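Chain residues, written in single-letter form:
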Amino acid sequence: MDDKRIGIFDSGIGGTSIWGEIQELLPFEECIYLADSKNAPYGEKPAEQILALSIKNTEYLLSQGCKLIVVACNTATTNAIDYLRSNYDVPFIGIEPAIKPAAINTRSKIVGVLATKGTLSSSLFHSTSKNHTEGITVLEQRGTGLVEMIESGNLDSEDLYRLLERYITPMLEKGMDYLVLGCTHYPYLIPLLKKMLPENVTIIDSGQAVARQTKSVLEHNDLLTSSAVMGAHQFFTNGDENVLATILQSVKAKHSVTFKDF
Ligand code: DGL
């Protein structure tokens, strides 16, 4: 048993969607969350830079005594998790687009994946996608510009709706019946997506699966907390504290946010 914290990082506020699932499943665990908003979006950066940023975040979390790190970012996972796992001693949990459940359940055999350029061009995404999608058409759509708009904190703007619609409409026209959200920022688009998707299209994201995997790895490594009181949570951002605070309020989480130039 262990009373150290779980470390979570993302290129910004998106990984709070993963944090939300983790604290629901593991309410007694303490977490420290890093929003590297200053460097968002990761998805448009070269792979070496995404790796360097992932190392920086990992080392900061390790300096805070984390027992396990959740890479709550598809772009960082697909570009850096192998390196992180081989170079640091703590367990790492990553997140990848949930292609498998979409491929198993699609009736039209056409699945859309909305993700960043960094994720869609990674070799990890391609090998996972290839392994699960025999006989399925996968429509890969880059969500260029979406992360920046979400990071600005306005999740209900007309411009955001229009940009999203530009990405979704061609996939609908091709017959997609499953839409995989391959970026942890995108669950915050679900209210807008629901306005534009017909009822036969199912949205999938990987948040709950990541939380279950976190629990199982903690159990397996005897790292679950021994505490029986609700865990405390710390949120650090090197961007706008108000944006992170507002997104937390939107999921009814009452935690304070601290600016830190990590
Ligand atoms: N939340 C990150 C992801 O899951 C966004 C990447 C970015 O900053 O472009 O991919």
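Here, the structure is the one placed above.
Here's what I pulled together on the structure shown here. Nothing here was measured: the structure is a model prediction, and the numbers come from that model. (Residues numbered from 1 in each chain as written. Predicted model: local features only at pLDDT ≥ 70, side-chain atom pairs only at ≥ 80, totals over all residues. Heavy atoms only, no water.)

1. A closer look at the state of the cysteines
Counted under the stated rule, the structure contains zero disulfides. For the unlinked cysteine Cys-73, the closest cysteine sulfur is that of Cys-183, found at 6.7 Å. Here Cys-73 falls in the buried class, since its relative accessible area comes to 3%. (Disulfide = S-S within 2.5 Å. Buried < 20%, exposed > 50% of the residue type's maximum accessible area, 1.4 Å probe, protein only.)

2. Comments concerning the layout of surface pockets
Any empty space left between the atoms is revealed when a probe the size of a water molecule rolls over them. The space that makes up the largest pocket amounts to roughly 510 Å³. Taken together, 24 residues form the lining of the largest pocket, with Gly-94, Glu-96, Ser-206, Ala-209 and Val-210 sitting closest to its centre. Among the elements of the structure, helix H3 (74–87), strand E4 (92–93), helix H4 (99–105), helix H6 (123–132) and helix H10 (207–220) are those that each provide at least two residues to the lining of the largest pocket. Here the lining of the largest pocket gets five residues from one element, more than from any other, and that element is H10. Classifying every residue of the lining of the largest pocket by side-chain character gives 12 nonpolar, seven polar and five charged. Its boundaries defined by the atoms lining it, the second largest pocket holds a volume of some 340 Å³. Among the elements that line the lining of the second largest pocket, the one with the most residues is helix H1 (residues 16–25), at seven residues. Along the lines of polarity and charge, the residues of the lining of the second largest pocket split into seven nonpolar, six polar and three charged. (1 Å grid on protein atoms, 1.4 Å probe; cavity = no way out; pocket = protein on both sides within 12 Å on 5 of 7 lines; lining within 4 Å. Points joined across faces, edges and corners; volume = space filled by probe spheres on them. Helix = DSSP H or I, 4+ residues; strand = E, 2+ residues; numbered from the N terminus. Nonpolar A, V, L, I, M, F, W, Y, C, P; charged D, E, K, R; others polar.)

3. What about the sheet that holds strand E1 (residues 5–10)?
Sheet strands associate in pairs through backbone hydrogen bonding, adopting either a parallel or an antiparallel arrangement. Across the sheet, which stays open at both edges, the six strands sit in the order E4-E3-E1-E2-E9-E10 with parallel pairing between neighbours. The two strands at the open ends of the sheet, each matched to only one other strand, are E4 and strand E10 (257–259). By the bridge criterion, five bridges tie E1 to strand E3 (residues 66–71) in an arrangement that is parallel. Residue pairing for E3: Arg-5 is matched across the bridge by Cys-66. Strand contacts of helix H11 (residues 241–250): strand E2 (31–35), strand E9 (233–237) and E10, with the helix running at about 165° to E10, the strand carrying the most contacts. (Pairing = 2+ DSSP bridges. Contact = heavy atoms within 4.5 Å. Axes fitted to C-alpha atoms, helices over the stretch in contact; angles between N-to-C directions.)

4. Digging into the side chain of Thr-237
Counting through the fold element by element, Thr-237 comes out in strand E9. Judged by its relative accessible area of 1%, Thr-237 is buried. Here Thr-237 is in contact with Ala-35, Ser-37, Leu-244, Val-257, Thr-258, Phe-259, Lys-260 and Phe-262, once residues within four sequence places are set aside.

5. A short note on the packing of H1 against H10
Any two packed helices are characterised by the angle at which their axes cross and by the distance between the axes. H10 packs onto H1 with a crossing angle of 50° between their chain directions and a minimal axis gap of 8 Å. In terms of orientation, H1 lies oblique with respect to H10. Relative to H10, the crossing made by H1 is right-handed. Residues Ile-18, Glu-21, Ile-22 and Leu-25 of H1 form the contact with H10, whose participating residues are Gly-207, Gln-208, Val-210, Ala-211, Arg-212, Thr-214 and Lys-215. For the contact of H1 with H10, the per-class residue count stands at five nonpolar, three polar and three charged. (Parallel < 35°, antiparallel > 145°, perpendicular 65-115°, else oblique. Left-handed = near helix turned anticlockwise from the far one by under 90°.)

6. Considerations on the nonpolar core
The biggest cluster of nonpolar side chains holds 53 residues, and the ones touching the most others in it are Val-70, Ile-168 and Leu-179. Sequence-distant contacts of Ile-168, defined by excluding residues within four places in its chain, comprise Leu-114, Met-176, Leu-179, Leu-193, Met-196 and Leu-197. Counting 22 residues, the second largest nonpolar core, distinct from the first, contains Tyr-42, Tyr-88, Val-90 and Phe-262. (Core = buried A, V, L, I, M, F, W, Y, C linked by side-chain atoms within 4.5 Å.)

7. Section: the site of the ligand
The immediate surroundings of the ligand are formed by 13 residues, with Ser-11, Tyr-42, Gly-43, Thr-75 and Thr-184 found nearest. Contact between the ligand and Asp-10: a nitrogen atom at 2.9 Å from a side-chain N or O atom of the residue. One nitrogen or oxygen atom from the side chain of Thr-75 is found 2.6 Å from an oxygen atom belonging to the ligand. Protein chains shield 99% of the accessible area of the ligand, which is 290 Å² for the free molecule. (Near = heavy atom within 4 Å. Polar contact = N/O pair within 3.5 Å; in protein donor to acceptor, adjacent residues only side chain to side chain. Areas by Shrake-Rupley, 256 points an atom, 1.4 Å probe, with all protein chains shown as cover.)

8. Here we look at the environment of Asn-105
Residue placement: Asn-105 occurs in helix H4. Sequence spacing of Asn-105 and Tyr-161 is 56 residues, and the spatial spacing of their C-alpha atoms is 27 Å.

9. Quick look at the sheet that holds strand E7 (residues 178–182)
Read from one edge of the open sheet, four strands run E6-E5-E7-E8, paired in parallel fashion. Unpaired on one side and paired on the other, strand E6 (137–142) and strand E8 (202–204) mark the two borders of the sheet. Within the sheet, the average angular offset between the axes of one strand and its neighbour, ignoring direction, is 20°. As paired strands, strand E5 (residues 110–115) and E6 are joined by six bridges and run parallel to one another. For Val-111, the partnering residue across the bridge sits in E6 and is Val-138. Where helix H8 (residues 158–173) meets the sheet, its contacts fall on E5, E6 and E7, and the angle it forms with E5 comes to roughly 160°.

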